[in-house]
Amino acid sequence: MNNNITSSTGSFIVPAIDIINGKVVRLTHGDYASEKTYYENPLDAALQFEAAGLQRLHLVDLDGAKAGKIQHLKILERIAAATSLQVDFGGGVKEEADVKNILSAGASMVTIGSLAVKQPALLEAWIQSYGADKFFIGADVLNNQIKISGWLQDGGIDIFSFIENMMQIGITRFFCTDINKDGAMQGASVVLYKEIIGRFPGINLTASGGVSSIDDIEALKKVGCAAAIVGKAIYENAISLEALKQLND
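Only a predicted model underlies this, so the values are computations on that prediction, with no experimental measurement involved.

Chemist: Just give me the short version of the packing of aromatic side chains, but keep the residues and values in it.
Modeler: According to the stated counting rule, one finds six aromatic pairs in the structure shown. Arranged with centres 6.5 Å apart and planes meeting at 80°, the rings of tyrosine 130 and phenylalanine 135 form a pair that is edge-to-face. Between phenylalanine 136 and phenylalanine 175, the ring centres sit 4.8 Å apart and the planes meet at 40°, which makes this aromatic pair tilted. Within this pair, whereas phenylalanine 136 is found in strand E7 (residues 135–142), its partner phenylalanine 175 is found in strand E10 (residues 173–178), the two being separated by 39 residues in sequence. The rings of Tyr38, Tyr39, Phe49 and Tyr235 are connected pair by pair, giving a single aromatic cluster.

Put into structure tokens, the structure is as follows:
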């Protein structure tokens, strides 16, 4: 497994695999009632992404996020063993054993969301042990307010204060999901990302939510995003794997 995050086109576009009941699904606006299944086996999706020249994968255990305990570590293990994708994995991370297990299973980074809001001191201790480069911090926002626990609870902090707090403990690598945009395929939150990047020089920000075309991807590059997580647009063939392969050729 290659743990070095690179900067080619293949690593700018980060396909997302969201898992519920072991299957690849997508939600709209974070609503679990809107679940739609795209693959029965997540490895099938991962192999197709790798064949298209993509180098990274955003793997989300939605069952784990909802339950507060990792549910699908075996899926990470299978994908890491069968592909060379650089995988970030999260959903239900609560204790240091989870961090160890995720990294041991082959992930390049551990995705942290709710815990970074609720227990920043614990995250800081993990950073001391493993290094900030092993953590990918998720900022899920609804009208600029952080949401936690699978987007089901209010985090009690706005996006800008949250990022400032995280950068003070050494984190620079974030992804920000605008829940209003997620799964809606109505374009990414370019204005929000531009503001974040302007406020926090040196941030490594990955866009997430709403990407529906190659034009969206180019717009995100233009404002300085480091990468873009793409989900439904690929599954609904609004951005075809063939088009992504051509970008990487």
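Chemist: Would you mind going over helix H4 (residues 73–82) in detail, with residue names and values included?
Modeler: Buried residues of H4: Leu73, Ile75, Leu76, Ile79 and Ala80, and no others. For H4, the buried positions fall inside an angular range of 155° around the axis, keeping them on one side. Among the exposed residues of H4, those oriented more than 90 degrees off its buried face are Lys74 and Ala81. Summarising the contacts, the buried residues of H4 are in contact with strand E1 (13–20), helix H2 (42–51), strand E4 (56–61), strand E5 (86–90) and helix H5 (96–104).

Chemist: So, the packing of helix H8 (residues 159–168) against helix H9 (residues 190–199): which residues are in play, and what are the values?
Modeler: The geometry of H8 relative to H9 is characterised by a closest axis approach of 11 Å and an angle of 40° between their N-to-C directions. One way to sum up the angle between H8 and H9 is to call them oblique. Both H8 and H9 take part in a crossing whose hand is right-handed. Contacts between H8 and H9 involve Ile159, Phe160 and Ile163 from the first element and Leu192, Glu195, Ile196 and Arg199 from the second. Here the contact of H8 with H9 is built from residues that sort into five nonpolar, no polar and two charged.

Chemist: Tell me about unusual backbone geometry, and name the residues and values.
Modeler: Even without a glycine there, the phi angle at asparagine 143 is positive, about 55°. Here asparagine 143 falls in the exposed class, since its relative accessible area comes to 58%. For asparagine 144, which is not a glycine, the phi torsion comes out positive at approximately 70°. Structurally, asparagine 144 can be placed in the loop between E7 and strand E8 (145–148).

Chemist: Report on the pattern of salt bridges, specifying residues and quantitative values.
Modeler: Between side chains of opposite charge, a pair can form as their charged atoms come close. Taken as a whole and assessed by the stated rule, the structure comprises five salt bridges. Linking arginine 26 and aspartate 18 is a salt bridge whose minimum nitrogen-to-oxygen distance equals 2.8 Å. Exposure remark for aspartate 18: the relative accessible area of 10% places this residue in the buried category. One salt bridge in this structure joins lysine 74 and glutamate 77, with 3.6 Å as the shortest N-O distance. Placement of the pair is lysine 74 and glutamate 77 together in helix H4, with a separation of three residues, close to one helical turn. On the accessibility criterion, lysine 74 (57% relative accessible area) is exposed. Take glutamate 77: its relative accessible area is 32%, and that puts it in the partly exposed class.

Quick notes on the rules
- Residues numbered from 1 in each chain as written.
- Predicted model: local features only at pLDDT ≥ 70, side-chain atom pairs only at ≥ 80, totals over all residues.
- Heavy atoms only, no water.
- Phe/Tyr/Trp six-rings, centres within 6.5 Å; stacked < 30°, edge-to-face > 60°.
- Helix = DSSP H or I, 4+ residues; strand = E, 2+ residues; numbered from the N terminus.
- Buried < 20%, exposed > 50% of the residue type's maximum accessible area, 1.4 Å probe, protein only.
- Arc of directions from axis to C-beta.
- Contact = heavy atoms within 4.5 Å.
- Axes fitted to C-alpha atoms, helices over the stretch in contact; angles between N-to-C directions.
- Parallel < 35°, antiparallel > 145°, perpendicular 65-115°, else oblique.
- Left-handed = near helix turned anticlockwise from the far one by under 90°.
- Nonpolar A, V, L, I, M, F, W, Y, C, P; charged D, E, K, R; others polar.
- Salt bridge = Lys/Arg side-chain N within 4 Å of Asp/Glu carboxyl O.

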